[in-house]
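# Report on the structure
Okay, here's what each chain looks like letter by letter:
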Amino acid sequence: MTTIYLVRHGEAEGNAYRRIHGQYDSLLTATGLRQVEALSRRFQSIPVDVCYSSDLIRTSLTARAVYVPKNLPLHRDPAFREVGIGRWEDVPFGYLDTFEPDELLRFNKDPVHWHVEGAETFPEYTGRFISGMTRLAQENPGKTIAIFCHGSVLRGVLARLFFRLDFEQLPYCDNTAVSKLFWDGEIFTYEYLNDASHLPEEISTFARQKWWRKGNAKDFNIWFKPMDILPPGLIPPESHWTTYLAMLRDRPVGYISVHDGAIEALRLLPEHRGVLLEDQFLGQAVSIFRQENRAIMCAREDRLDTPDLLTRYGFRNCGNTWKASLDRTGFHWGTPPEDKLPDLS
């Protein structure tokens, strides 16, 4: 009997910033790195012979929970990538809520029939994953394999293998949740699915978002447009900054201004502060800076209505300016201790 652990990656930028990321290559957040530490403790007493991940950064970083302490090589395989979502890549969920609600509902409730331009179909992405997993099981009979992968593709695979595509039967998959499967040479079975019992509530992505998940995501998910009006009560931005108005459904809730790799201003109407909406403002800035090929982003604490955002996302205090890395290059995946991991802050 071959044992297979399927592990979702730690909290990544798209999860925190409420942007849809399929094969967009994002980094883990500071919370995601803490989740990886908790995952590593979970696997301390679990023997693993072979470690695989998708070839995206967020899964490869999560795999360090296993392959580094167990001194294993990491094998990165595109068969285990997230769903390729075509023209939706890096789009805010708030935009999809507002302008493509039917397709977003289909993506969440009926992915078998979901498709947008440039995206993979359900048979394509579940097929490549199951073929890859079957190949690994056949190549490693009787061994224990860990595969680090992604939420949407994993959901489709588990529904296809075990629930006859009834997605309502699947438990929610938090970041770093673990599923334990078996392969007897012919079929897959499972012991448990999407278990995140290793995560204390303070670092669970699901627990932090639970307050709005009970309601309507449209009351939380933001979209952005070039600023055309200034919401009453906010300090106006400088004219030479690039400014985006943050929209919650059809009403403005604040704005973010960027210039030359820096967040120049992040302003929220008072009634919208303190409920993590500002994380999505940061996501808009990161998206812009990545398109500009910037490796570092800067911010001024006194120009943010929610300055604790900087410490939560691992910015480093450099005097009057706070800095954080956006660099997605320089990662080297090998056999510890030869593999290299740059400082993400």
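Quantities reported herein were computed from a predicted structural model and do not represent experimental measurements.

## Topic: the environment of Asp166
Mapped onto the secondary structure, Asp166 falls in the loop between α7 (151–162) and β7 (178–183). Judged by relative accessible area, which is 32%, Asp166 ranks as partly exposed. Once the C-alpha coordinates of Asp166 and Gly156 are considered, the two residues, 10 residues apart in sequence, prove to be 9.8 Å apart.

## A look at the pairing of strand β6 (residues 144–149)
The two faces of the sheet receive side chains in turn, since in a regular strand these alternate between them. Here β6 lies mainly inside the structure; 6 of its 6 residues are buried. Burial of β6 is two-sided: the residues Thr144, Ala146 and Phe148 facing one way and the residues Ile145, Ile147 and Cys149 facing the other way are all buried. Summarising the sheet, strand β1 (residues 2–8) and β6 pair through 6 bridges and their orientation is parallel. When the bridges of β6 are listed, Thr3 appears paired with Thr144. Relative to β6, strand β3 (residues 50–53) runs parallel, the two sharing 4 bridges. Residue pairing in the sheet places Val50 in a bridge with Ile145 of β6.

## Concerning the pairing of β3
Burial along β3 is two-sided: the face carrying Val50 and Tyr52 and the face carrying Cys51 and Ser53 are both buried. Of the pairings in the sheet, the one linking β3 to strand β4 (residues 74–76) comprises 3 bridges and is parallel in character. Looking at the pairing, Tyr52 lines up with His75 of β4. Between the parallel pair β3 and β4, the chain is carried across by helix α3 (residues 57–67), and the sense of this crossover is right-handed.

## Observations regarding α3
Of all 11 residues in α3, 10 are buried; the element is thus mostly enclosed. Along α3, the positions that sit buried rather than exposed are Ile57, Arg58, Thr59, Ser60, Leu61, Thr62, Ala63, Ala65, Val66 and Tyr67. Among the structural elements, β1, α2 (30–42), β3, β4 and β6 are those in contact with the buried residues of α3.

## Points about the packing of α2 against α3
Running from N to C, α2 and α3 cross one another at 30°; their axes reach a closest spacing of 8 Å. On the basis of the axis angle, α2 is roughly parallel to α3. Crossing handedness for the pair α2 and α3: right-handed. For the pair α2 and α3, contact is made by Val36, Leu39 and Ser40 and by Leu61, Thr62 and Ala65, respectively. Across the contact of α2 with α3, the residue classes tally to 4 nonpolar, 2 polar and no charged.

## Examining the environment of Val286
Inspection of the secondary structure puts Val286 in helix α9 (residues 278–291). Along the sequence, Val286 and Tyr17 sit 269 residues apart, while their C-alpha atoms lie 9.4 Å from each other. Excluding its chain neighbours within four sequence positions, the residues that come into contact with Val286 are Glu13, Tyr17, Met297 and Leu326.

## Digging into the side chain of His9
Residue placement: His9 occurs in the loop between β1 and α1 (13–17). Looking at His9, its side chain comes within polar contact range of the side chain of Arg58, at 3.4 Å. The contacts of His9, once residues within four sequence positions are left out, are Asn15, Arg58, Thr59, Thr62, Cys149, His150, Asn175 and Thr176.

## A short note on the packing of helix α6 (residues 122–139) against α7
The interhelical angle for the contact between α6 and α7, taken along N-to-C directions, is 80°, at an axis separation of 9 Å. The angle between the axes of α6 and α7 places the two elements in the roughly perpendicular class. Judged by residue contacts, Phe122, Pro123, Tyr125, Thr126, Gly127, Arg128, Phe129, Ile130 and Met133 of α6 engage Ser152, Val153, Gly156, Val157, Arg160 and Leu161 from α7. Taken together, the residues of the contact of α6 with α7 sort by class into 9 nonpolar, 4 polar and 2 charged.

The rules behind each value
- Residues numbered from 1 in each chain as written.
- Predicted model: local features only at pLDDT ≥ 70, side-chain atom pairs only at ≥ 80, totals over all residues.
- Heavy atoms only, no water.
- Helix = DSSP H or I, 4+ residues; strand = E, 2+ residues; numbered from the N terminus.
- Buried < 20%, exposed > 50% of the residue type's maximum accessible area, 1.4 Å probe, protein only.
- Pairing = 2+ DSSP bridges.
- Right-handed = clockwise from strand over helix to strand, strands pointing away.
- Contact = heavy atoms within 4.5 Å.
- Axes fitted to C-alpha atoms, helices over the stretch in contact; angles between N-to-C directions.
- Parallel < 35°, antiparallel > 145°, perpendicular 65-115°, else oblique.
- Left-handed = near helix turned anticlockwise from the far one by under 90°.
- Nonpolar A, V, L, I, M, F, W, Y, C, P; charged D, E, K, R; others polar.
- Polar contact = N/O pair within 3.5 Å; in protein donor to acceptor, adjacent residues only side chain to side chain.

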